[in-house]
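# Fold and contact review
Each chain is listed here by its residues.
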Amino acid sequence: MLLYLPPYPMLGKPLKFAAAALTALTLASCAQVAEIERADVKQLLLLDVGNVPQNTVDPVWYAAVSAGLMLWPDNQQTVQEPQDIVLSPEQIREIPFAANYFRLENQVQILAILAFPNRIGDDPSSVRLQWATQYNDAAETDAVGRLLSLELLFAQPSASHFAGDNSALLCYGKAAQGLLDAASCPQQGQWAYDMTLQIDATDQTAQALSYDTRESATVSYQVVSTTAQLTMPNGESVRAWHVREQANDGRFSNDFYLDPRNGKSLKAKQWLGSMLGYLESEQVVLWATPATAAAPPLPNLQQVNTSVGPVQVLPGARMAALYDALNQASSSANYFSPLLRVHSCELEQQLQARKAGMLVRLRLLQQSYRADGNQQGLQAAEALEQQFNSWPLKATYLHGFSAAKSRFDLALNPKLPQSEQANCPVSLAFGQPQPAQSVGLVEQGSDSAWVIRANGEIRNLNLANEDARKQHSSLLQQPNSIVFYGIDEADLPPGFKDLNQQMSLFLQHWDFAHGE
């Protein structure tokens, strides 16, 4: 399942899917389709939990998702190619899960099941809904249908995160319910998505690479109709608020249909950027608003400090539990998970010790240049020391977090570190999306650059000539990345050849929460 991806300078152009490829939110393979005999929905929901992979967090849920997604209409028992999933009202009434149809542009319509609804604070309309497919591809939406994230396991791009401002659309969701006047909602807003793409090996690269890019636009909002008539998949006829979000440059137009009874999304069509095109979604089985009933107090809870105040979880809890607790404690859903960081005093002490060692090494480098009479090298080393001292660094255990994937794979749901200092508990912080930042000897035209991505990955790029710089220009502008320019290796004396690499390791701990 591969995408054609042009060379780096052409990354801004739309990607094309291979003819037989399925992309995000994919259902069973053609072979599996042929094997499924006619059965009603209740029979399909009976799976052998013992066949579930051992590393799955919740085997019962895994079985339910896998079964619930293999819901094929009558004409799909022997088809050779995937076709749209279209359920009858009778079949829909038998589904015990909240469910949505999803369709990416030029792809088949599939059915996704609501895996985990997270309530955000006390506002019933503030939620993060995680929808899952049979292959654990996951889409995360809010109440009004905005796609907050899309994470794919078997397709490309591999992830997409909303990096804009969704307050206007949420406001119209409340206006649809009569909770406020639509005239008070913002007329303009910011739309943006940060995407992680997978670049397959080419003649220029020996291995597959991943790449981050961003698309953004200023958008305007319009209430097209307050009485739009819809016929839902279950046969129900409903009236909806039709809210349009349109890019001011005319690049795209998004449509959201909101239920005036509860403000929830009935149907939506939204632009995800040139890499994916439009995503269509439609409510199949209504989801219930998650409750906020407080859990009974438990002894010996571990406290984690966050930007919204202290959050308590059970000792030995994993990241997903902390993520849920954070949602319940906060009234804001504007978390950008690729920049989630987890800190502790113990780890910070280790980083400070390493930092002191690097400062000693930079001063030794200055002495070496001074002894050789290399004034240019001395100035570069002094500039690096000054830069290094100014970097906003904070030691972190984690470089981003996928709440969706963590539900299905324990390897992606690590345990929280335990702090041995009672007065300094573990802390969590989210950075805000931001453009690439260049540090180091930026103005000196280095022959190489070290790109440190939001996920902690470090890549060294050769910039020895103008062609190489053009080829890597997109990689040097990845959002949420730090680009480090050091002293050219040829100009480093013996014993210091790995200096740039060692300095780039520190930049894995860039504090995005305070380092803009």
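Note that the structure is a prediction, hence the values are computed from the model and not measured.

Take the overall build of the chain next. Each helix and strand counted, the chain has 11 helices and 22 strands in total. Taking all 516 residues of the chain together, 55% fall into the buried category. The contacts in the chain between residues at least 6 apart in sequence include a share of 65% that link residues at least 24 apart. For the chain, the computed accessible surface area is about 23200 Å², with 50% contributed by carbon and sulfur atoms.

Moving on, we come to the sheet that holds strand E15 (residues 302-306). The sheet built from four strands is open, its strands ordered E16-E15-E18-E17 with mixed pairing. Across the chains shown, the open sheet's two edge strands, defined by having one partner strand only, are strand E16 (309-313) and strand E17 (340-343). Neighbouring strand axes in the sheet, compared pairwise and without regard to direction, differ in orientation by 30° on average. Relative to strand E18 (residues 426-430), E15 runs parallel, the two sharing two bridges. The residue bridging Asn 305 from the neighbouring strand is Ser 427, located in E18.

Counted according to the given criterion, the structure contains 10 aromatic pairs. Seen from their ring centres, Phe 162 and Tyr 193 are 5.3 Å apart, and the 65° between their planes marks the pair as edge-to-face. Note that Phe 162 is positioned in strand E8 (residues 159-162) and Tyr 193 in strand E9 (residues 188-199), a separation of 31 residues in sequence. Ring geometry for Phe 252 and Trp 271: centres 6.4 Å apart, planes at 15°, overall stacked. A residue pair is termed long-range when its members are at least 10 positions apart, and Phe 252 in the loop between strand E11 (237-247) and strand E12 (253-258) and Trp 271 in strand E13 (residues 265-271) qualify at 19 residues. The same class applies to Phe 252 as to Trp 271, namely buried. Through successive ring pairs, a cluster of aromatic residues spans Phe 162, Trp 191, Tyr 193, Phe 252, Trp 271 and Tyr 278.

Okay, the state of the cysteines next. Enumeration over the complete set of coordinates arrives at one disulfide. Two residues, Cys 171 and Cys 185, share a disulfide whose sulfurs are 2.1 Å apart. Judged by the sign of its S-S torsion, about -85°, the cystine formed by Cys 171 and Cys 185 is left-handed. A residue pair is termed long-range when its members are at least 10 positions apart, and Cys 171 in helix H5 (residues 167-176) and Cys 185 in the loop between H5 and E9 qualify at 14 residues. Residue class for Cys 171 comes out buried when judged on its relative accessible area of 14%.

Listing the buried residues of helix H11 (residues 499-506) in full gives Leu 499, Asn 500, Met 503, Ser 504 and Phe 506. Angularly, the buried residues of H11 cover 145° about the axis, an arc narrow enough to put them on a single face. Buried residues along H11 sit against helix H7 (345-372), helix H8 (375-390), strand E20 (448-452), strand E21 (458-462) and strand E22 (482-485).

Below, the discussion takes up the side chain of Gln 478. By secondary structure assignment, the location of Gln 478 is in the loop between helix H10 (466-471) and E22. In terms of polar contacts, Gln 478 uses its side chain to reach the backbone carbonyl oxygen of Leu 475, at 2.9 Å. Once you skip the residues sitting within four places of it in the chain, Gln 478 turns out to touch Ser 210, Tyr 211, Asp 212, Ala 436, Val 451, Arg 453 and Arg 459.

Take the pairing of E11 next. Pairing of E11 with E12 involves six bridges; the strand directions are antiparallel. Note that in E12 the partner of Glu 245 across the bridge is Asn 254. The hairpin turn running from E11 into E12, its antiparallel successor, is five residues long, and Gly 250 in that turn takes a positive phi close to 80°.

For the chain, the average pLDDT comes to 76, and 73% of its residues sit at 70 or higher. Per-element confidence in the chain ranges from a low mean pLDDT of 24 for strand E1 (residues 3-4) to a high of 97 for E12. Long-range and interchain partners of residues 1-80, a stretch whose pLDDT sits below 50, account for 168 contacts in this model, where long-range means more than four residues apart. Taken together, the stretch residues 201-207 has pLDDT below 50 and engages in six contacts with residues farther than four places along the chain or on a different chain.

Ranked by internal contacts, the top residues of the largest apolar core, which has 55 residues, are Trp 131, Trp 191, Phe 252, Leu 272, Trp 287 and Leu 476. The leading source of residues in this core is H5, at six residues. Counting residues in each nonpolar core, the second largest holds 35 residues, with Ala 163, Leu 362, Val 439 and Phe 506 among its members.

Our next topic: the pattern of salt bridges. What the rule picks out here adds up to 15 salt bridges. Measuring nitrogen to oxygen at the nearest pair gives 2.9 Å for the salt bridge that ties Arg 103 to Asp 84. Of this pair, Arg 103 sits in strand E3 (residues 99-104) while Asp 84 sits in the loop between helix H3 (59-69) and helix H4 (89-93), and the two are 19 residues apart along the sequence. Look at Asp 84 and you get partly exposed, because its relative accessible area is 29%. The closest approach of N and O atoms between Arg 361 and Asp 498, which form a salt bridge, is 2.5 Å. Taken together, the residues span a long stretch of sequence, with Arg 361 in helix H7 and Asp 498 in the loop between E22 and H11 at a distance of 137 residues. Within this structure, Asp 212, Arg 453, Glu 457 and Arg 459 form a network of salt bridges that share partners.

Each value, and the rule that gives it
Counting restarts for each chain, with residues numbered from 1 along the sequence as it is written. Whole-chain, interface and lining totals are the exception, using all residues; otherwise, since this is a predicted model, local features are given only for residues with pLDDT of at least 70 and side-chain atom pairs are given and counted only at 80 or more. Remark: hydrogens and water are excluded; side-chain values derive from all non-hydrogen atoms of the structure. Runs of H or I in DSSP of at least four residues are treated as helices and runs of E of at least two as strands, each being numbered from the N terminus. Think of it in three bands: residues with accessible area under 20% of the maximum for their type are buried, residues over 50% are exposed, and the middle band is partly exposed, with areas taken using a 1.4 Å probe on protein chains only. Here a residue-residue contact requires only that any non-hydrogen atoms of the pair lie within 4.5 Å. Here the open area of atoms and residues is found with the Shrake-Rupley method and a 1.4 Å probe, where only the protein chains shown may cover a residue. Here, strands pair whenever DSSP counts at least two bridges between them. A fitted line through C-alpha atoms represents every axis, and for helices the fit uses only the stretch in contact; the resulting angles, taken between N-to-C directions, go from 0 to 180 degrees. In this scheme Phe, Tyr and Trp rings, the latter by its six-membered ring, pair at centre separations within 6.5 Å, and the angle between planes marks the pair as stacked below 30 degrees, edge-to-face above 60, and tilted otherwise. Only a pair of cysteine sulfur atoms within 2.5 Å qualifies as a disulfide here. The arc in question is formed by the directions pointing from the helix axis toward the C-beta atoms. Between N or O atoms, a polar contact is any pair within 3.5 Å; within protein, one atom must be a potential hydrogen donor and the other a potential acceptor, and residues adjacent in sequence are included only when both atoms are from side chains. Values of pLDDT, ranging from 0 to 100, describe the predictor's confidence in every residue of the model. As used here, the term nonpolar core means buried Ala, Val, Leu, Ile, Met, Phe, Trp, Tyr and Cys residues forming a set that is joined through side-chain atoms within 4.5 Å. Definition used for salt bridges: Asp or Glu carboxyl oxygen within 4 Å of a side-chain nitrogen of Lys or Arg.

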